[in-house]
Amino acid sequence: MFKKCVLTLCFTLTAFVAAQGQSVYTPERGSAERKSILDALRTPIERELKQKIVFAADTFNVSGNWAFIYGTMQSSEGGQPDFSRTKYAEAQREGFFDNNFQALLKKAAGKWTVIKYQIGCTDVCYTEWWRQHRAPKAIFPYTD
């Protein structure tokens, strides 16, 4: 019994240390992993903005089953998306909107899913996301 408890404890500690020690990396441009993550994010954003979107990621961090992305959006023609028919139109006209996105995704059962995203933040919107969603703090450029 004691031996079984020790083995269970060792296994649990090893798994915990491995999960905490996972490195942060950026998926290569053109890689299947990068495409899979961006495609998962593209679906809700294109649905919300009612137009095709191309992402320009300034920060793209992955650790284990978590990904954080920050960047700007472009229309399929290469310009800024048209926000005039979105809920962001007034904020953009008033100068309280930046053409950016911030997103947290998680991979489960081999599929990336959007946990949270924000569009148009004029400040850092994600500072508490690591705590709220139990994501690795290391994937975020700035946290509280």
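Our subject in this report is the structure included herewith. (Residues numbered from 1 in each chain as written. Predicted model: local features only at pLDDT ≥ 70, side-chain atom pairs only at ≥ 80, totals over all residues. Heavy atoms only, no water.)

Across its full length, the protein carries four helices and four strands. Counting from the amino terminus, the protein carries its helices and strands in the arrangement α-α-β-β-α-β-β-α. The buried share of the protein, taken over its 144 residues, is 36%. Here the analysis covers contacts within the protein between residues at least 6 apart in sequence; of these, 52% occur between residues at least 24 apart. (Helix = DSSP H or I, 4+ residues; strand = E, 2+ residues; numbered from the N terminus. Buried < 20%, exposed > 50% of the residue type's maximum accessible area, 1.4 Å probe, protein only. Contact = heavy atoms within 4.5 Å.)

Before going further, it helps to spend a moment on the state of the cysteines. Disulfide: a covalent bond connecting the sulfur atoms of a pair of cysteines. If you walk through the whole model with that rule in mind, you get one disulfide. Linked covalently through their sulfurs, Cys 121 and Cys 125 form a disulfide whose S-S length is 1.9 Å. Negative torsions about the S-S bond denote left-handed disulfides, and the value of about -120 degrees found for Cys 121 with Cys 125 makes this one left-handed. When its relative accessible area of 7% is taken as the criterion, Cys 121 is described as buried. (Disulfide = S-S within 2.5 Å.)

The full count for this structure, using the stated rule, is six salt bridges. One salt bridge in this structure joins Asp 39 and Lys 35, with 2.6 Å as the shortest N-O distance. Taken as a pair, Asp 39 and Lys 35 lie in helix H2 (residues 32–49) at a separation of four residues, close to a single helical turn. Overall, the relative accessible area of 28% leaves Asp 39 in the partly exposed class. Here Lys 35 falls in the exposed class, since its relative accessible area comes to 52%. Notably, a salt bridge pairs Glu 128 with Arg 131, separated by 2.8 Å at the nearest N-O pair. Since its relative accessible area comes to 25%, Glu 128 is described here as partly exposed. You can call Arg 131 partly exposed: its relative accessible area is 43%. Each of the salt bridges in this network shares a partner with another, and the network as a whole consists of Lys 35, Asp 39 and Arg 42. (Salt bridge = Lys/Arg side-chain N within 4 Å of Asp/Glu carboxyl O.)

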